[in-house]
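Commentary on secondary and tertiary structure
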Amino acid sequence: MADTENTIELCAKDDVAEGEALKVETGDLELAVYRVEDTFYVTDNMCTHGPGELSEGYLEGHVIECDFHGGQFDIRNGEIVAPPCIVKLKTYKVVPHDSAVVIEAPAD
Ligand code: FES
């Protein structure tokens, strides 16, 4: 992995199928990487509502549905699309790269 101080490489782009989500663990982070129309998005993997893992959920367009209680988030900005979730989902900025999915390292 070619991490720098400010970026974290998560996986190869080819590891994530179109319309699917992939769970990636790196350091303290447990993330879900999504591919929609060849654009990549990264959020926390754990649902903000409970024990659901969003990488196990159902992706429809830019909306991920948690398979636990059916809560939904927009993967582009973490906004809640459907209850019972009440806390926004954390999203990560994806940095342009030829072959890998790379994010900006979170500040905290
Ligand atoms: Fe995801 Fe409840 S754990 S909606």
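Right above here is the structure, for reference.
Note that this is a predicted model, so its numbers are computed, not measured.

Attention now goes to the sheet that holds strand E2 (residues 21-26). Pairing in this open sheet of four strands is antiparallel, and the strands run E2-E3-E4-E9 from one edge to the other. The open sheet terminates on both sides in strands that have one partner only, identified here as E2 and strand E9 (91-92). Sheet topology places strand E3 (residues 29-36) next to strand E4 (residues 39-44); six bridges connect them, and they run antiparallel. Residue pairing in the sheet places Ala32 in a bridge with Thr43 of E4.

Another aspect to go through is the pairing of E2. Looking at chain direction, E2 and E3 are connected through six bridges and run antiparallel. Bridge pairing links Ala21 to Tyr34 in E3. Where E2 folds back on E3, the antiparallel hairpin that results is connected by two residues, among which Gly27 adopts a positive phi of roughly 55 degrees.

Time to look at the pattern of salt bridges. Opposite charge on two side chains lets them pair, provided their charged atoms get close. Within this structure, the stated rule accounts for five salt bridges. The shortest N-O distance in the salt bridge between Asp38 and Arg35 comes to 2.5 Å. With a closest N to O distance of 2.9 Å, Arg76 and Asp74 form a salt bridge. Looking at Arg76, the relative accessible area reads 47%, which means it is partly exposed. We classify Asp74 as buried; its relative accessible area is 10%. Each member of the salt-bridge network shares a partner with another, and the members are Lys23, Glu30 and Glu53.

Now for the environment of Val63. Looking at the element boundaries, Val63 is found in strand E6 (residues 63-65). The residues touching Val63, leaving out its near neighbours within four places in the chain, are Tyr58, Gln72, Phe73 and Val81.

To continue, consider the sheet that holds strand E10 (residues 94-95). Strand order in the open sheet made by the three strands is E1-E11-E10, with antiparallel pairing throughout. Among the strands making up the open sheet, the edge pair consists of strand E1 (7-12) and E10.

The next point concerns the environment of Asp38. Relative to the helices and strands, Asp38 is located in the loop between E3 and E4. As a C-alpha pair, Asp38 and Glu18 span 20 residues in sequence and 6.8 Å in three-dimensional space. In terms of polar contacts, Asp38 uses its side chain to reach the side chain of Arg35, at 2.5 Å.

By the element assignment, Asn45 lies in the loop between E4 and strand E5 (58-60). There is a polar contact of 2.8 Å between the side chain of Asn45 and the side chain of Glu30. Separated by 2.8 Å, the side chains of Asn45 and Ser55 make a polar contact. Apart from residues lying up to four places away in sequence, Asn45 is in contact with Lys23, Glu30, Leu31, Ala32, Gly52, Glu53, Leu54 and Ser55.

Definitions and cut-offs
Residue numbers run consecutively from 1 along every chain, following the written order of its sequence. pLDDT decides what is reported in this predicted model: residues at 70 or higher carry local features, side-chain atom pairs at 80 or more are listed and counted, and totals for whole chains, interfaces and linings draw on all residues regardless. Hydrogens and waters are ignored; side-chain quantities use all the structure's heavy atoms. Only strands that DSSP links by at least two bridges are regarded as paired with each other. Put simply, DSSP H or I for four residues or longer makes a helix, DSSP E for two residues or longer makes a strand, and each gets a number counted from the N terminus. For salt bridges, the criterion is a side-chain nitrogen of Lys or Arg within 4 Å of an Asp or Glu carboxyl oxygen. Each residue is assigned to one of three classes by its accessible area relative to the maximum for its type, calculated with a 1.4 Å probe on protein chains only: buried under 20%, partly exposed between the two thresholds, exposed over 50%. In this analysis, two residues are considered to be in contact whenever any of their non-hydrogen atoms come within 4.5 Å of each other. Counted as a polar contact is a pair of N or O atoms within 3.5 Å, where, for protein atoms, one must be capable of donating a hydrogen and the other of accepting one, and residues adjacent in sequence contribute only when both atoms are in side chains.

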